[in-house]
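# Analysis of the macromolecular model
Here are the chains, one letter per residue:
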Amino acid sequence: DVKVTQSSRYLVKRTGEKVFLECVQDMDHENMFWYRQDPGLGLRLIYFSYDVKMKEKGDIPEGYSVSREKKERFSLILESASTNQTSMYLCASSFAGPFHETQYFGPGTRLLVL
Amino acid sequence: AQSVSQHNHHVILSEAASLELGCNYSYGGTVNLFWYVQYPGQHLQLLLKYFSGDPLVKGIKGFEAEFIKSKFSFNLRKPSVQWSDTAEYFCAVNARDGGFKTIFGAGTRLFVKA
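Below is a short write-up of the structure. Given the structure is predicted, the values throughout are model-derived calculations rather than measurements.

Cut-offs and rules
Residues numbered from 1 in each chain as written. Chains lettered and ligands numbered in written order. Predicted model: local features only at pLDDT ≥ 70, side-chain atom pairs only at ≥ 80, totals over all residues. Heavy atoms only, no water. Helix = DSSP H or I, 4+ residues; strand = E, 2+ residues; numbered from the N terminus. Rg over C-alpha atoms; globule rule 2.2 N^0.38 Å. Buried < 20%, exposed > 50% of the residue type's maximum accessible area, 1.4 Å probe, protein only. Contact = heavy atoms within 4.5 Å. Salt bridge = Lys/Arg side-chain N within 4 Å of Asp/Glu carboxyl O. Pairing = 2+ DSSP bridges. Axes fitted to C-alpha atoms, helices over the stretch in contact; angles between N-to-C directions. Buried area = accessible area lost by both parts, 1.4 Å probe. Polar contact = N/O pair within 3.5 Å; in protein donor to acceptor, adjacent residues only side chain to side chain. Nonpolar A, V, L, I, M, F, W, Y, C, P; charged D, E, K, R; others polar. Disulfide = S-S within 2.5 Å. Core = buried A, V, L, I, M, F, W, Y, C linked by side-chain atoms within 4.5 Å. Patch = residues over 30% accessible without salt bridge, like charges linked within 9 Å, V, L, I, M, F, W, Y side chains within 5 Å. Areas by Shrake-Rupley, 256 points an atom, 1.4 Å probe, with all protein chains shown as cover.

Tallying secondary structure elements over chain B gives 0 helices and 12 strands in all. Taken from the N to the C terminus, the helices and strands of chain B come in the order β-β-β-β-β-β-β-β-β-β-β-β. Expected size for 114 residues packed as a compact globule is a radius of gyration near 13 Å; at 14 Å, chain B falls within 12% of this value. Considering only C-alpha atoms, chain B reaches an extent of 45 × 25 × 20 Å along its principal axes. Taken over 114 residues, chain B has a buried fraction of 48%. Within chain B, residue pairs in contact and separated by at least 24 positions form 56% of the contacts whose partners lie at least 6 positions apart.

Our focus in this paragraph is the pattern of salt bridges. If you walk through the whole model with that rule in mind, you get 11 salt bridges over all chains. Here Asp-38 of chain A ties to Arg-44 of chain A by a salt bridge, and the two come within 2.8 Å at their closest N and O atoms. With its nearest N and O atoms 3.2 Å apart, the salt bridge here joins Arg-77 of chain B to Glu-66 of chain B. Of the two residues, Arg-77 of chain B is situated in strand β9 (residues 73–78) and Glu-66 of chain B in strand β8 (residues 64–68); the sequence distance between them amounts to 11 residues. The exposure class assigned to Arg-77 of chain B is partly exposed, which follows from its relative accessible area of 23%. Given a relative accessible area of 27%, Glu-66 of chain B falls into the partly exposed group.

Residue and element names in this part refer to chain A. With antiparallel pairing, 4 strands are arranged side by side in an open sheet as β1-β3-β8-β7. Bordering the open sheet on either side are β1 (4–6) and β7 (64–70), each of which pairs with just one other strand. In this sheet, neighbouring strand axes are inclined to one another by 20° on average, regardless of whether the strands run parallel or antiparallel. Direction of pairing for β1 relative to strand β3 (residues 19–25): antiparallel, over a ladder of 3 bridges. Residue pairing in the sheet places Val-4 in a bridge with Gln-25 of β3.

If you look at the interface, chain B gives 23 residues, while chain A gives 23 residues. Interface of chain B and chain A: buried area, both sides summed, is about 2,000 Å²; carbon and sulfur atoms make up 57% of it. The interface formed by chain B and chain A includes 6 residue pairs in polar contact (both at pLDDT 80 or more). Elements represented by at least two residues in the side of chain B that touches chain A include exactly β5 (31–38), β6 (44–50), β10 (87–95) and β11 (103–104) of chain B. Looking at the side of chain B that touches chain A residue by residue, the classes come out as 11 nonpolar, 8 polar and 4 charged.

This paragraph deals with the state of the cysteines. Residue and element names in this part refer to chain A. All chains considered together, the criterion is met by 2 disulfides over all chains. The residue that forms a disulfide with Cys-23 is Cys-91, at a sulfur-sulfur distance of 1.9 Å. Between Cys-23 and Cys-91, the S-S torsion sits near -80°, and that sign places the bridge as left-handed. Linking Cys-23 in strand β3 with Cys-91 in strand β9 (residues 87–94), this pair joins segments that are 68 residues apart in sequence. Exposure class is identical for Cys-23 and Cys-91. Each is buried.

Next up on the list: the nonpolar core. If you look at soluble globular proteins, the nonpolar side chains tend to sit buried side by side. Ranked by size, the top nonpolar core spans 29 residues in total, and within it Leu-33, Trp-35, Leu-48, Phe-74, Leu-76 and Tyr-89 of chain B carry the most contacts. In this structure, Leu-48 of chain B is in contact with Leu-33, Phe-34, Trp-35, Val-57, Lys-58, Gly-59, Phe-63, Glu-64, Ala-65, Phe-74 and Leu-76 of chain B, ignoring residues within four places of it in sequence. Judged by nonpolar contacts, the second largest core, of 20 residues, contains Tyr-47, Phe-74, Cys-91 and Leu-111 of chain A.

Now for the side chain of Gln-103 of chain A. Looking at where Gln-103 of chain A falls in the secondary structure, it is placed in the loop between β9 and β10 (104–105). Classification of Gln-103 of chain A as buried rests on a relative accessible area of 3%.

With that settled, consider a nonpolar patch on the surface. Where nonpolar side chains cluster on the molecular surface, the patch consists of Val-12, Leu-112 and Leu-114 of chain A and spans about 260 Å² of accessible area. Here Leu-114 of chain A lies in the segment after β11 (109–113).

Of note in this structure, Asp-28 of chain A is not a glycine but carries a positive phi near 60°. Looking at the element boundaries, Asp-28 of chain A is found in the loop between β3 and β4 (31–38). Positive phi is not limited to glycine here, since Phe-72 of chain B has a value of about 50°. Examined against the element boundaries, Phe-72 of chain B turns out to sit in the loop between β8 and β9.

Read these as spatial facts, not as claims about activity.
Below, the structure is given as C-alpha cells:
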C-alpha cells in the first residue's frame, strides 16, 4: 500500500513566522505535489516536483517555496506566514508513467495562521 | 487553460436514492479523467479513472462514470446510495500533453440521510 505521510495534522503559527510542512512517500514515486484545499475552491496546485531538486510552479505559488533534496521527501515552506495562508495543505505523489498516473494523498495539515 | 466545473456544491439524498454528480471540463485535446473521494476524517483517495477504451468506467463501492467526449463531461453515478457514501467528491482532469498538472473541480459535498 502506498503511504504518504505529512509531518503534522494541525499547526498553529503566528503572522510572519517561517513554516515548514514536510511530506514523505514510501513508494519511490517520481512526482510529488503540494495543494491547498479551501471550501468551494477545491484543490489548487501550489508546486510540484518531477525529480529530485526539480520543481515547477503550480497555479498559486506566491508566498510559498519548496525543497526536494531526496526522492521520498518534499517540503513546503511558507517564508513569512500570513492569515490568508490559513488552509488545509495536502501532499500527493504519483509515478511518472505515460498516462499521468493516479495521485496518492497524505492526510493533510490544517494550518491556522493568527 | 484547462478548467473543471462541478455542477453542485452540496447534494442531500436519502438512502437508496440514485446519484448523479456532474463534471464538465474545458480542454480540446486528449485528457485523463478522475473522480476522487474524501470520506470524513480520511485521506483523499481515487474512486475511478478513465484513460482510454470503454467510456463507461466502474470504480469502487458500486460507483461508475461515463465519459462523453462530445459533451466534455465525466459524470459520476451510483444507482442506490448508502449512508456510508457521505463524503466530498472531486472530479479531476489532466491533459496528456499538459505535463504533470492535474486540475481539480471545486468538489461536491454529498450527505446521505439514513
